[in-house]
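Spelled out, the chains give:
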Amino acid sequence: MLSLPGSASHGIFEKSGPRFNFKKLAQTHDLPSLSNWGPYSKKHFGISHIPDVQRGLSFDFSIFPLLTDPSAKKQLPSVTEASGVHPWEAAPDMSYYSMRFETIWKDQFYTDISFSQLSTNNRLMRLECVNQTRAPQQITLNNLSQLVFPPLHESSAEPIRLCDVQLPDGAVWVHALDYADQGFAISRPTDTLVWDGLLRGEERRHDCVGGSVLAQKFGMDFGDRVIYRLFFKKSFSNATLIWRFQMEKGENITFNCVKCRTWVDCAGDEIPDITFRGGEGFSTVAVPLGKLDAGELDLRFVSRGGGAVALNGFVLVESEQANDVRFVERPWHPIPKIEALSKALMLKYDDVPDAYGFAIGVPMAGHRELRWDGLDAALGTEMAPDSFTWVRIFGDSRRGHAGDPDSLFIHAASQPLTVPPHSTQIIYGLICSGSEDEVRRNLARFDPQASSHEKIYRAARKSAFKNTTTPAGNDCKLGQQLMAAVTLSNLVYPLYTQRNYIRHYSPGRIWDCLYTWDAGFIGLGLLELDLQNAVEILNAYLTPTGAQSAFIHHGSPVPVQIYLFWELWNRTQSRELLAYFYPRLRQYHAFLAGRLGSSTTRRHRDNLICTWDYFYNSGGWDDYAPQKYVHANNLEASATPVINSAHTIRCAKILRAAAAALGRTADFSEYDDDIATLSASLQKYSWDEASGYFGYVMHDNRGEPTGILRHESGANFDMGMDGAYPLVAGICSAAQERQILDRLFSPQHLWMDIGITTVDQSAPYYSSTGYWNGSVWLAHQWFFWKTMLDLGRGDLAVRIAQTGLDLWKKVTNSTYNCMEHFEPREPFGAGWGQFSSLSSPALSWFAALCTPGRFTTGFEVWIESCEFSRNNRRLRVKLKPVHGAARDFNVLACMNPDSRYRVLWNDGYPRKACYVNDGLLQITLPAGPGELRIEKIGGPYPL
């Protein structure tokens, strides 16, 4: 039975009642249930501590073994390069996690390193060194510690340079982004969907207060405006306004300025125009405002055009004190005060209030300071066991990631220690934070030989996610364990969005950024591991109704968040969850459907959806053949893919069902229009009978459709998953359905032994060496898997899922890697090796096929309630068809494998069930609402 917070027993059934703090979630895009200790580093495997989420600083600590043999390969435990480190186990809240360091592949010599919570400020380290070779292995334990400063932006490793404003008494600082309203005179597609959740006009820049400015060519066009609504407790007798700004040298621009008491009708007193003149770095310009009474005041600034300015903010100050306003550099301090204790070190950095300390149960050789660009040389083949000295070592002083002054580490290492052949050695350590006195006391009290450490470790390890499985899933356990560990521990900090720093799940720490469609799949994976985490990552990408950005956008605009919501509802039937997320998702959908704000997605007369203004990638499939052709030939203004319209239709159906559950019948019309209009256009303009696929629709300069995009051979250029997506939308005729199913499952077309590939193998543009074109990914197969259940083809749904699981098992068992995509030839796995997100269907399929207590449907049926008995031998589900669904469909129910079952529908009418494997039933149900009951009738079914 799924374990949820607040679950309660209802007779023989155990009805879960999840409780989420939506009031708290509404105020953040962070992941608030996570600990401030965790694997957040963007550089090395280990543990990080976040002293204050709002500041963007973290302390990184990595510990790892290196062979002392000068000829042995030595690798830093990089999180962005293949380094022989594999996330191994993890608790959803990061109170425990472990990693396997493969020093001699495979499993000949390895070290399992775990971190277990002792208290809020203390973590127990456990290193289990396992030597399965026939020779003794000598190693040193190395530690790298670093205080990490927030980067300029997500594509930069350089720490942001900040400054502070110093004000005389009574003066007020207003950041340029604290506006009540801002607008560009010429509207932009991104006005209400700003990249990465930045504010409209926001840019991250060095040397400014708060790290951001109002820019993005602000002021270039006549009429660009910004309005500030202020409130003063005290009046100013003779105020001066001082703007701080940055502008290209030699340029200038003038703004008309008005102060008024009513924002809506801001035709108040004009104040002198402000002319910004470019120069070196940031400058200031002052303008007199005169007397300002206490109370509310609006200031409006409107550009006269001609130049772009970056506004940092302004000060309101009494005129005689204007010269007392100062803007001063706020430097970072990467070099700590170091205090060497017995078998321990304490580090105190000026930029954080607490000190950090660590102890390890082996003699230490010493410590030193290293720059980023000195790490490889210092820790590589040049470092002999006796080379450790107590000196400071610096690399080059050039700017950039490697040589930046802030990229500085404290490196400590142990004396060499030997692990005998065919033996295991366990070492305990402590990492802690607190005041300097607290850290000293904790380090002094730590006894690495204490017998209690193993008990603490074993108790903490019980919190790691563990699969519950039928016998059919036993040989998949390792792959599921690894995928769970990777999904839960692929965390990074800091990311910047909505003017805050946040913790975030990444597809892999090699991608240190937000990513909308990947994050949706991460959420689907987390759904099988921890409901709270799944809810929080969904929340991270949604914004309140009326927010400046319709949702948090980065990358491919595939609305997986709406499907994640659907699955969360199916799992919880939480009315609170439904009421909280529905308005946010309605807004998200309205933008992608072209019905909200600055959206340009519905630009053509046939209303077909295209998202090229927001990202080059329509479906996350980078080198998908027609997409690649469109960009190479500058056809973005005329070409519409199929997937964007198909997802808009399916999401409209999902949200219509949610609206019905909430009684919001007034919302039906917008969804009905999306469904009818887009379905008609796809059928009229996109279907290609000859190929058996839908196609990209081309348009003339008036937006009229002119036909489908064809390859130079004359073939439909969209013979692939995109051309099959109307099947997912549920709008195909019976003949179209037959043709697309043939393409999906034919070895001559999309089906491979390892799953569904992205481009038809018979297409003239198919490439066996492509990234998406020619390989197999799990993500899009998830949508087709669910669709097979809607079509009453549970056999094909099981085929997709089981093939994916077999592939996942083969790759993870042989490599310990969680791969990005898969090749139809050995060694199968390809891409990044610690990937979650788009590979998360491996978790979904395992849960559906092998986890007792899991009930799975497609997209055409709404679960009103779902109750498994405590031992998963009975199930009661109330189902309701989604609007327009009118055919028999399949569901999967994974029951306790120790029994046989009978299946009843509505008033006891028996339904035939197919036993797929131990405990897994595939059931065909008729269209229409009803109650499904599954009851035990005897011992195990003889498969």
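Everything below is about the structure shown above.
Residues numbered from 1 in each chain as written. Predicted model: local features only at pLDDT ≥ 70, side-chain atom pairs only at ≥ 80, totals over all residues. Heavy atoms only, no water.

**Concerning helix α9 (residues 575-592)**
Residue pairs spaced three or four apart in an α-helix point in one direction, given the helix's 3.6 residues per turn.
Okay, step 1: Between its terminal C-alpha atoms α9 stretches 25 Å, which fits the 26 Å expected from 18 residues at 1.5 Å a residue.
Okay, step 2: Among the 18 residues in α9, 13 count as buried, and that is most of the element.
Okay, step 3: Just downstream of α9, glycine 594 is the residue with a positive phi angle, here 80°. (Helix = DSSP H or I, 4+ residues; strand = E, 2+ residues; numbered from the N terminus. Expected span 1.5 Å × (residues − 1). Buried < 20%, exposed > 50% of the residue type's maximum accessible area, 1.4 Å probe, protein only.)

**What to know about the nonpolar core**
Okay, step 1: Residues Phe581, Leu744 and Met788 are the most contacted members of the largest nonpolar core, which totals 219 residues.
Okay, step 2: When residues in this core are grouped by element, the largest group, 10 residues, is from helix α11 (residues 643-662).
Okay, step 3: Leave out the neighbours within four places in its chain, and methionine 788 touches Leu727, Leu741, Leu744, Phe745, Arg793, Gly794, Leu796, Ala797 and Ile800.
Okay, step 4: Grouped together as the second largest cluster of nonpolar side chains are 35 residues, Val226, Met247, Ile271 and Val285 included. (Core = buried A, V, L, I, M, F, W, Y, C linked by side-chain atoms within 4.5 Å. Contact = heavy atoms within 4.5 Å.)

**Digging into the sheet that holds strand β46 (residues 889-894)**
Okay, step 1: Sheet architecture is open: four strands sit in the order β43-β46-β50-β49, paired in antiparallel fashion. Strand pairing shows two members of the sheet lacking a second neighbour, β43 (854-856) and β49 (913-917), which therefore form its edges. Each adjacent strand pair in this sheet contributes to an overall mean axis angle of 20°, direction not counted.
Okay, step 2: In this fold helix α16 (residues 779-790) packs onto β43 and β46, with an angle of close to 110° to the strand it touches most, β46.
Okay, step 3: Contacts between helix α18 (residues 841-850) and the sheet are confined to β43, β46, β49 and β50 (920-925), with β46 contributing the most and set at about 80° to the helix. (Pairing = 2+ DSSP bridges. Axes fitted to C-alpha atoms, helices over the stretch in contact; angles between N-to-C directions.)

**A few points about unusual backbone geometry**
Only a minority of non-glycine residues have a phi that is not negative, and only a minority of peptide bonds are not trans.
Okay, step 1: The step from tyrosine 493 to proline 494 runs through a cis peptide bond, and the omega angle for that step is 0°.
Okay, step 2: In this fold, proline 494 is placed in strand β32 (residues 491-497).
Okay, step 3: Looking along the chain, the bond that leaves glutamate 826 and enters proline 827 is cis, with omega of 5°.
Okay, step 4: Along the chain, proline 827 falls in the loop between β41 (821-822) and β42 (829-830).
Okay, step 5: One non-glycine residue, aspartate 207, lies in positive phi territory at about 65°.
Okay, step 6: Here aspartate 207 is to be found in the loop between β14 (202-204) and β15 (208-209).
Okay, step 7: The backbone of histidine 422 sits at a positive phi, close to 50°, despite the residue not being glycine.
Okay, step 8: Mapped onto the secondary structure, histidine 422 falls in the loop between β30 (417-419) and β31 (423-434).
Okay, step 9: Residue classification places histidine 422 among the exposed positions, given a relative accessible area of 57%.

**So, the pattern of salt bridges**
Okay, step 1: Counted according to the given criterion, the structure contains 49 salt bridges.
Okay, step 2: Here aspartate 112 ties to arginine 100 by a salt bridge, and the two come within 2.8 Å at their closest N and O atoms. Taken as a pair, aspartate 112 in strand β8 (residues 109-119) and arginine 100 in strand β7 (residues 96-104) lie far apart in primary sequence, 12 residues in all. Accessibility assignment for this pair places aspartate 112 and arginine 100 in one class, buried.
Okay, step 3: With a shortest N-O distance of 3.2 Å, arginine 702 and aspartate 700 are connected by a salt bridge.
Okay, step 4: Judged by relative accessible area, which is 24%, aspartate 700 ranks as partly exposed.
Okay, step 5: Through salt bridges with shared partners, one network takes in Arg586, Arg595, Arg602, Arg664, Asp667, Glu670, Asp673 and Asp674. (Salt bridge = Lys/Arg side-chain N within 4 Å of Asp/Glu carboxyl O.)

**Quick notes on the packing of aromatic side chains**
Okay, step 1: Summed over the entire model, instances satisfying the criterion amount to 58 aromatic pairs.
Okay, step 2: Seen from the ring of tyrosine 110, arginine 100 lies directly overhead, with NZ or CZ sitting 3.8 Å from the centre.
Okay, step 3: The residue whose ring lies beneath arginine 188 is phenylalanine 184, and the NZ or CZ to ring-centre distance is 3.5 Å. (Phe/Tyr/Trp six-rings, centres within 6.5 Å; stacked < 30°, edge-to-face > 60°. Lys NZ or Arg CZ within 6 Å of the ring centre and 35° of its normal.)

**What about the sheet that holds β15?**
Consider a sheet: its strands pair through backbone hydrogen bonds, and that pairing is either parallel or antiparallel.
Okay, step 1: Strand order in the open sheet formed by three strands is β15-β11-β24, and the pairing between neighbours is mixed. The outermost strands of the open sheet, each flanked by one partner alone, are β15 and β24 (326-330).
Okay, step 2: For strand β11 (residues 162-166) and β15, the ladder comprises two bridges, and the chain directions are parallel. From the neighbouring strand, cysteine 163 faces β15, where its bridge partner is valine 209.

**Some remarks on the side chain of threonine 240**
Okay, step 1: For threonine 240, the location among the structural elements is in strand β18 (residues 236-246).
Okay, step 2: A residue is classified by how much of its surface remains accessible, and threonine 240, at 9% relative accessible area, is buried.
Okay, step 3: Of note is the side chain of threonine 240, whose polar atom sits 2.7 Å from the side chain of serine 319. (Polar contact = N/O pair within 3.5 Å; in protein donor to acceptor, adjacent residues only side chain to side chain.)

**Here we look at the packing of helix α7 (residues 531-540) against α9**
Okay, step 1: One way to put it is that α7 packs onto α9 with a least axis distance of 11 Å and a crossing angle of 20°. In this view, α7 runs roughly parallel relative to α9, as classed from their interaxial angle. As for the relative orientation of α7 and α9, their crossing is left-handed in sense. Residues Val535, Leu538 and Asn539 of α7 form the contact with α9, whose participating residues are Leu577, Tyr580 and Phe581.
Okay, step 2: Its residues assigned to classes, the contact of α7 with α9 shows five nonpolar, one polar and no charged. (Parallel < 35°, antiparallel > 145°, perpendicular 65-115°, else oblique. Left-handed = near helix turned anticlockwise from the far one by under 90°. Nonpolar A, V, L, I, M, F, W, Y, C, P; charged D, E, K, R; others polar.)

Treat this as a map of the structure, not an account of what it does.
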